[in-house]
Amino acid sequence: MELPFGIRRITTPLPTRPGHVHSYLLPGESGWTLVDTGIGLPDAQDVWATALDGAEVARIFVTHFHPDHVGAAADVAELTGAPVSQGELDYSQCELVWGNPEWPRRIAGWFVTHGVPSEITEELIGSGDVYRPLIRYQPDPELVDDGDRLDGWELVAAPGHADGQLCLIKDRVLVSADHLLGRISPTVGLWPESRPDPLGDFIESLRRTIELAPELALPGHGEPIGNPVGRAYELIEHHRERLAFTESILEDHPRTGYELSLDLFGAELKAASRRFAVAETLSHLERLVLEERAERREDLGMVAYTARQLGRRAF
Ligand SMILES: [Zn+2]
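Below, the structure is looked at part by part. Residue numbers run consecutively from 1 along every chain, following the written order of its sequence. In keeping with the model being predicted, local features are shown solely for residues with a pLDDT of at least 70 and side-chain atom pairs are shown and tallied solely at 80 or more, while totals for entire chains, interfaces and linings include all residues. Side-chain figures throughout are based on the complete set of non-hydrogen atoms in the structure, without hydrogens or water.

## Thoughts on the packing of aromatic side chains
Aromatic ring pairs are described here by two measures, namely the spacing of the ring centres and the angle between the planes. Each aromatic pair joins two rings of Phe, Tyr and Trp (for Trp, the six-membered one) with centres within 6.5 Å, and gets the label stacked for planes under 30 degrees apart, edge-to-face for over 60, and tilted for any other angle. All chains considered together, the criterion is met by 4 aromatic pairs. For the pair Tyr-91 and Tyr-137, a centre-to-centre distance of 5.9 Å together with 70° between the ring planes defines the contact as edge-to-face. Here Tyr-91 is found in helix α4 (residues 88-98), whereas its partner Tyr-137 is found in the loop between α6 (118-131) and β6 (142-144), with 46 residues between them in sequence. The classification of residues rests on relative accessible area computed with a 1.4 Å probe and restricted to protein chains. Under 20% of the type maximum is buried, over 50% is exposed, and intermediate values are partly exposed. We classify Tyr-91 as buried; its relative accessible area is 7%. Numbering of helices and strands runs from the N terminus; a helix is a DSSP stretch of H or I covering at least four residues, while a strand is a stretch of E covering at least two.

Given below as structure tokens:
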């Protein structure tokens with residue numbers, strides 16, 4: 001697909017929803033910059049050889065370490081010979097999660113402390129092991145950060161969906177990856193070893209997007225966004241409402257993130273979706289704690305939340 005300023009979009013399939021992910025080829029003086037690489041399905045290199053159709057890739061940039069963006073980075077690097085750039089914080093999380101065979105157990109144990117039943121966490125350990133071969137990140141990439149430039153594009157940190165999420169901006173075009181999506185609200189979850197307030201980060205990142213005033217955003221999923229500033233305002237409002245709803249279901253007795261996720265997202269979710277539902281519930285609960293609209297209790301290794309106890313001193 002051809003976009004303004006000679007930008008090209010390449011779409012590759014995903015085995016899970018939303019079924020596709022977009023990468024972008026940004027034209028530059030020294031060749032193309034490829035943004036994101038899709039997931040590392042076994043035939044990824046063949047898919048990319050066909051999709052690139054001889055285009056000279058000068059560099060590969062990974063916006064964040066989620067499987068559908070970083071998964072085929074090593075395949076595409078090998079195919080094109082191009083160096084890979086990735087955010088410094090993002091790469092450290094990439095190694096922590098995908099370079100560590102113990103991670104599925106670590107994350108499962110963490111979910112148990114938030115009340116998730118063991119049959120769900122066991123399933124998560126199994127699916128983590130299934131996913132791992134599809135993530136072939138490039139070791140030792142060139143590390144970049146907010147404010148750096150890549151062939152005329154400025155990198156903009158947008159923590160929230162991922163702590164180390166980086167977008168690119170030039171000529172009022174924002175390559176937003178999963179920071180800004182058109183129809184879906186990007187997931188914003190609390191995870192073990194993540195920054196402490198991902199939802200607060202996300203809302204700040206949306207405010208920064210509004211200040212940057214892009215006129216077009218190119219997301220990782222779905223169609224280009226013609227009014228990115230309006231979309232950023234919508235997402236801020238969406239989370240304001242979700243925070244109010246989350247606050248409204250808190251009670252005087254402690255309830256875990258898992259229990260509260262049943263109220264917020266319904267009881268009928270498969271393990272993989274429940275994982276995101278609990279993480280998203282927790283990002284809202286932690287924001288409410290910081291805004292002094294909820295209280296966190298930790299007892300016998302379990303974490304739970306209550307309504308704000310008025311008149312009681314919060315320590
Ligand atoms: Zn994505």
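And the narrative resumes.
## Examining the pairing of strand β8 (residues 153-157)
By the bridge criterion, 2 bridges tie strand β7 (residues 149-150) to β8 in an arrangement that is antiparallel. Residue Arg-149 lies in a different strand from β8, and its bridge partner there is Glu-154. Taking the residues that link successive antiparallel strands as the turn, the β7-β8 hairpin has 2 residues, and the phi of Asp-151 there is positive, at about 50°. In terms of strand pairing, β8 meets strand β9 (residues 166-170) through 4 bridges, oriented antiparallel. Bridge pairing in β9 links Ala-157 to Leu-166. Strand pairing requires that DSSP identify at least two bridges connecting the strands.

## Considerations on the coordination of the zinc ion
Within the protein, the atoms that donate to the zinc ion are Asp-68 (OD), His-69 (NE2), Asp-178 (OD) and His-221 (NE2), at distances of 2.1 to 2.2 Å. With water omitted from the atoms examined, metal sites may look incomplete; donors here are N, O and S atoms no farther than 2.8 Å from the metal, or 3.2 Å in the case of Na, K and Ca. In short, tetrahedral needs four donors with all angles between 85 and 135 degrees, square planar needs four and octahedral six donors with opposite donors over 155 degrees apart and all other angles between 65 and 115, and whatever is left is irregular. Each of the 4 donor atoms bound to the zinc ion contributes to angles spanning 86 to 161°, and the resulting shape is irregular. Counting the intervening residues between successive donors of the zinc ion yields the motif D-H-x108-D-x42-H. A relative accessible area of 13% means that Asp-68 is categorised as buried.

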